[in-house]
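# Structural description and commentary
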Amino acid sequence: MPETSTYDLIILGGGLAGLCCAIALGQHYKVLLLEKDLFPQHKVCGEYVSNEVLPYLQSLGIDPIQLGAKKITELEITTHTGKPIRTKLPLGGFGISRYALDAELYNRATQCCDVHIETVMTVDFNSEIFTVQTKNKKIYKSTFAVGAFGKRSTIDIAMKRGFIQQKSPWLAVKAHYSYSFEDTKVALHNFEGGYCGLSKVETGAVNACYLTTFKSFKQANSIDEFQKQVMSVNPHLAHFFKHAEPLFPEPLTISQISFSKKPAVENHVFMIGDSAGLIHPLCGNGMAMAIHSAKLLADLFLEHGAGVNARNSIEQAYRDTWQHHFGSRLKTGRRIQNVLLNPSLAKTAFTAAKTFPGLVPAIIKKTHGDLVV
Ligand SMILES: Cc1cc2nc3c(=O)[nH]c(=O)nc-3n(C[C@H](O)[C@H](O)[C@H](O)COP(=O)(O)OP(=O)(O)OC[C@H]3O[C@@H](n4cnc5c(N)ncnc54)[C@H](O)[C@@H]3O)c2cc1C
């Protein structure tokens, strides 16, 4: 017979959302976090974190600035042909690698709850109890389950989630480079079919992370050729890929990135972070949303308790609060993406942004929230 352990909550996935939720709740309830990969790991991500979650991270005992994160205060956006717009970021943010940030959160989480490196295969809900089975045939039981397994996981397939049935045209590539670049800037350079973010992380390396469509990517035979032929039409990217020295043996890649709507609660599993919905990366706000959603859910458990009787109230309250905080940000993100990927719309938008300097900060505010404390 497989071994069985019982918890108040099982958190499925240990990225930013899962780890923050584990730290916030592990001190109050019996919590298990299951993560498939060992720490530390590099992840495909722009690695610019909005300051809105800095106070909350600090309250969890994590100080990115002490870890050497770069304080970022300015945004530069360029068109396909390299025309720039520069603006101050209303709230600003910081640059830190996922390698460092996730590992720090993991170390903190291990002090607060059980953390096992195991791959979740199935999650079933029956008679008010969740049964979670892992790849190495362990079975865990809990009153509540929290889905924090990111944008695409085998758990989505096991749960038969709607979005997983559809193909998505997006892929992303990321690597760190040695390159002369301002500490305080995040740049967003557009090219045909995508955009590339550049910003510094705590090591002094520049993180280059781009999102593009398969259609655009298919124009070249390799990552290297794509960067030289398609991305380098933008002179800023041409300069970058000519002079930057790669620090990874190979860039990291992911595909099938979906921006579809997802329910915040599905089959009684509370979804946090990308499992509940991914904002377009050009908004630079997915990590802050992941951390914020973890806090919103943790606060509801602290308010209502983790007993079976609290299930309906927490589910309803979480759906409402998720929609209230993130619903319109996701919509705005989709609209911005549609404009930037259409060269003629992008040209009109850049002319408008040059004429009205308050426009870009106003749009940034629409995709970001207030300080999370
Ligand atoms: C190209 C790109 C660039 C981005 N740039 C930025 C940016 O600059 N700023 C920003 O704020 N956001 C950015 N984002 C968004 C950001 O990366 C995500 O919103 C954030 O990582 C979400 O955190 P999460 O905890 O929900 O998911 P993740 O960090 O993906 O964590 C999910 C975890 O679940 C684990 N997992 C999955 N399946 C299983 C399983 N079966 N069993 C156990 N564990 C499992 C995974 O291993 C992973 O550790 C970007 C996204 C993309 C695609």
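Refer to the preceding data block for the structure.
The text that follows walks through the structure, step by step, so that each part is easy to find.

Calculation notes
- Counting starts from 1 at the beginning of each chain's written sequence and moves along it residue by residue.
- Per-residue local features are limited, in this predicted model, to residues with pLDDT of at least 70; the limit for side-chain atom pairs, both in listing and counting, is 80 or more; totals at the level of whole chains, interfaces and linings are taken over all residues.
- Processing note: side-chain calculations cover all non-hydrogen atoms of the structure and skip hydrogens and water entirely.
- Strands are runs of DSSP state E lasting at least 2 residues, helices are runs of H or I lasting at least 4, and numbering of each runs from the N terminus.
- Nitrogen and oxygen atoms within 3.5 Å of one another constitute a polar contact, given that in protein one can donate a hydrogen and the other can accept it, and given that sequence-neighbouring residues count only through two side-chain atoms.
- Contacts are assigned to residue pairs that have any heavy atoms within 4.5 Å of one another.
- Think of a patch as exposed residues, more than 30% relative accessible area, with no salt bridge, where like charges cluster within 9 Å and nonpolar side chains (Val, Leu, Ile, Met, Phe, Trp, Tyr) cluster within 5 Å.
- Note on areas: these come from Shrake-Rupley sampling with a 1.4 Å probe, and a residue is covered only by the protein chains present in the view.
- Salt bridge, as used here, is a side-chain nitrogen of Lys or Arg placed within 4 Å of a carboxyl oxygen of Asp or Glu.
- Categorising residues by exposure relies on relative accessible area from a 1.4 Å probe, with only protein chains included: less than 20% of the type maximum marks a residue as buried, more than 50% marks it as exposed, and the intermediate range marks it as partly exposed.
- Nearness here has a simple test: a residue counts as near a molecule or strand if at least one of its heavy atoms is within 4 Å of that partner.
- For this classification, Asp, Glu, Lys and Arg are treated as charged, while Ala, Val, Leu, Ile, Met, Phe, Trp, Tyr, Cys and Pro are nonpolar and the rest, including Gly, are polar.
- We call Phe, Tyr and Trp rings a pair once their centres come within 6.5 Å, taking the six-membered ring for Trp, and we label the pair stacked below 30 degrees between planes, edge-to-face above 60, and tilted otherwise.
- Here, over-ring charges are defined by two tests on the NZ atom of lysine or the CZ atom of arginine: distance to the ring centre within 6 Å, and angle to the ring normal within 35 degrees.

Relative to the assigned elements, glutamate 266 resides in strand 16 (residues 265–266). Here the side chain of glutamate 266 touches arginine 161 through a polar contact of 3.0 Å, side chain to side chain. Residues contacting glutamate 266, with those up to four places away along its chain left out, are Met159, Arg161, Gly162 and Met271.

Here the focus is a nonpolar patch on the surface. Residues Leu91, Leu371 and Val373 make up a contiguous nonpolar surface patch of about 290 Å² in total accessible area. Here leucine 371 lies in the segment after helix 11 (359–367).

Another point: unusual backbone geometry. Phenylalanine 39 connects to proline 40 through a cis peptide bond whose omega is -10 degrees. The residue proline 40 is located in the loop between strand 2 (31–35) and strand 3 (48–50) in this model. A positive phi angle, near 55 degrees, is found at lysine 160, a position not held by glycine. With respect to the helices and strands, the residue lysine 160 is situated in the loop between helix 4 (154–158) and strand 10 (170–178). Judged by relative accessible area, lysine 160 falls into the exposed class, the value being 65%. Of note, asparagine 267 is a non-glycine position whose phi angle comes to about 45 degrees, a positive value. With respect to the secondary-structure elements, asparagine 267 resides in the loop between strand 16 and strand 17 (269–271). On the basis of relative accessible area, asparagine 267 is assigned to the partly exposed category, the value being 46%.

The next thing to look at is the site of the ligand. Around the ligand there are 36 residues in total, and Glu35, Gly46, Tyr48, Arg98 and Asp274 lie nearest to it. Between the ligand and alanine 17 there is a distance of 2.9 Å, counted from an oxygen atom to a backbone nitrogen or oxygen. Lysine 36 has a polar backbone atom sitting 3.1 Å from a nitrogen atom of the ligand. About the coverage of the ligand: the protein hides 95% of its 1000 Å² of free accessible area. Only helix 1 (16–26), strand 2, helix 4 and helix 8 (286–304) provide two or more residues apiece to the shell around the ligand. For the shell around the ligand, the element with the most residues is helix 8, which contributes 3 residues. Per-class residue counts for the shell around the ligand are 15 nonpolar, 12 polar and 9 charged.

With that out of the way, let us pick up the packing of aromatic side chains. Here the structure, examined in full by the defined rule, presents 17 aromatic pairs. Each ring, one from phenylalanine 217 and one from phenylalanine 226, has its centre 4.9 Å from the other, and the planes form 55 degrees; the classification is tilted. In terms of burial, phenylalanine 217 and phenylalanine 226 fall into one category: buried. Ring geometry for phenylalanine 240 and phenylalanine 241: centres 5.1 Å apart, planes at 80 degrees, overall edge-to-face. For phenylalanine 240, a relative accessible area of 0% gives the class buried. According to the relative accessible area criterion, phenylalanine 241 is buried, its value standing at 17%. Joined through ring pairs, the aromatic side chains of Phe144, Phe270, Phe301 and Tyr318 make up one cluster. Lysine 30 extends its terminal NZ or CZ atom over the ring of tyrosine 7, reaching a point 4.7 Å from the ring centre. Positioned above the aromatic ring of phenylalanine 163, the side-chain terminus of lysine 262 is 4.3 Å from the ring centre.

Limitation: the analysis is restricted to geometry and does not speak to function.
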